Amino acid sequence: MKMTFRWYGENDPVTLQKIRQIPKMSGIVSAIYDVPVGEVWGEDKIQALKEKANQNGLAFEVVESVPVHEDIKLGNQNAKKYIENYCENIRRLGRAGVKVICYNFMPVFDWLRSELERILPDGSNALAYDEKTVLSMNPLTSELSLPGWDESYTKEGLRELLKQYKTVDEEQLWRNLEIFLKAIIPVAEESGISMAIHPDDPPWGIFGLPRVITNEKNLERFLKLVDFKANGLTFCTGSLGASVENDLVAMIHKFGNRIHFAHLRNIKITGERCFEESAHPTECGSLDMYGIVEALQESGFDGYIRPDHGRMIWGETGRYGYGLYDRALGATYLTGLWEGIEKHANK
Ligand code: DNO
């Protein structure tokens with residue numbers, strides 16, 4: 001396994017110089033952030049990002065994300081053009097030595113939270129989700145907390161988009177996903193890239209919008225749509241684990257060699273469809289991080305891992321979920337857990 005760390009580019013307050021000082025850190029997970037969603041990324045930009053990482057002793061082999069344009073998810077008349085652009089991005093990233101591309105297929109919203117700074121008993125703060133609060137918020141006003149948006153919509157743009165999705169139910173979304181996969185997976189195979197879809201976060205539909213990358217049954221259906229190794233998963237424990245019906249250890253055993261990238265973080269379930277993000281160790285939340293890492297090893301996982309959202313600790317401020325300190329603690333914990341389980345298994 002290779003331990004990696006998400007980096008948001010030049011504007012990220014967490015610098016590459018700091019990231020490289022985290023023990024056993026092998027590379028960054030990043031993207032080109034100044035090209036509009038759906039457009040082709042300049043090879044010069046990709047190369048510059050790679051060189052910057054390499055100069056700091058870090059590899060650049062994982063992209064998160066190449067965002068999927070809404071027109072592809074809607075399956076409208078522009079979808080073809082955007083799918084072609086997507087294929088071109090895959091080719092270009094393959095030529096630059098990228099091995100994994102993480103993306104998601106969530107309509108309109110990426111990850112969603114009701115609170116960005118819930119104060120925890122130890123004085124740190126973290127992201128939290130409370131379904132009742134989310135549903136009481138109007139997606140057309142700015143009261144919603146949407147830290148994961150790759151693009152910010154205007155009110156009119158969002159209203160129009162939500163209207164267009166009225167005709168897209170889950171089955172239609174599956175069909176649009178299938179068209180997309182049938183076009184991109186052969187290109188990914190040729191380019192030496194593994195595609196790794198990110199599960200929906202939280203893993204259920206919100207505001208009447210369909211979400212399909214949510215549970216074991218659907219992940220199985222997803223993998224069968226195009227049954228090649230290059231059509232794989234980002235196994236995000238915090239996303240899938242928000243639903244108590246998801247048995248993460250069983251899922252890892254089941255999907256084993258189709259998991260190319262793992263986002264390992266813990267969450268504490270605080271009620272029905274309510275959770276807060278906790279520190280990474282098992283005891284700090286509701287997920288069995290030991291069991292998860294053990295299952296990854298048992299299934300022969302040799303892909304990339306990154307710690308995921310961290311709390312804000314020691315007075316740090318910055319990008320919600322993506323500060324340095326708690327993610328660095330998470331990385332170190334995961335590296336130790338990996339070593340312990342591996343040595344124990346080889347005894
Ligand atoms: C949240 C992330 C997601 C993820 C995208 C992948 O922190 O895990 O925003 O990057 O959903 O496309």
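These numbers come from a predicted model, not from an experiment. (Residues numbered from 1 in each chain as written. Predicted model: local features only at pLDDT ≥ 70, side-chain atom pairs only at ≥ 80, totals over all residues. Heavy atoms only, no water.)

A.B. asks: So what's going on with the site of the ligand? Residues and values would help.
C.D. replies: Taken together, 14 residues form the shell around the ligand, and within it Glu64, Ser65, Asn104, His309 and Tyr322 come nearest. Arg6 is positioned with one of its side-chain polar atoms (N or O) 3.1 Å from an oxygen atom of the ligand. Residue His198 places a side-chain N or O atom 3.0 Å away from an oxygen atom belonging to the ligand. Here the ligand has 330 Å² of accessible area as a free molecule, and 98% of this is covered by the chains. With three residues, strand 4 (residues 100-104) is the single largest residue contributor to the shell around the ligand. (Near = heavy atom within 4 Å. Polar contact = N/O pair within 3.5 Å; in protein donor to acceptor, adjacent residues only side chain to side chain. Areas by Shrake-Rupley, 256 points an atom, 1.4 Å probe, with all protein chains shown as cover. Helix = DSSP H or I, 4+ residues; strand = E, 2+ residues; numbered from the N terminus.)

A.B. asks: How would you explain the sheet that holds strand 6 (residues 125-130) if you had to name every residue and give the values?
C.D. replies: Ordered in space as 5-6-11-10, the four strands form an open sheet in which the pairing is antiparallel. Only two strands of the sheet have a single partner each, and these edge strands are strand 5 (115-119) and strand 10 (267-271). Between one strand axis and the next, the sheet turns through 35° on average, direction left out of account. Both strand 6 and strand 11 (residues 274-277) contribute to a ladder of three bridges, which runs antiparallel. Pairing of Ala128 across the sheet is with Glu276, part of strand 11. (Pairing = 2+ DSSP bridges. Axes fitted to C-alpha atoms, helices over the stretch in contact; angles between N-to-C directions.)

A.B. asks: How would you summarise helix 12 (residues 325-345) if you had to cite specific residues and measurements?
C.D. replies: Here helix 12 is 21 residues long and its end C-alpha atoms lie 30 Å apart, about the 30 Å a rise of 1.5 Å per residue gives. Along helix 12, the residues classified as buried are Asp326, Arg327, Ala328, Gly330, Ala331, Leu334, Thr335, Leu337, Trp338 and Ile341. Where helix 12 is buried, its residues touch strand 1 (2-6), strand 9 (259-264), helix 11 (289-298) and strand 12 (304-307). (Expected span 1.5 Å × (residues − 1). Buried < 20%, exposed > 50% of the residue type's maximum accessible area, 1.4 Å probe, protein only. Contact = heavy atoms within 4.5 Å.)

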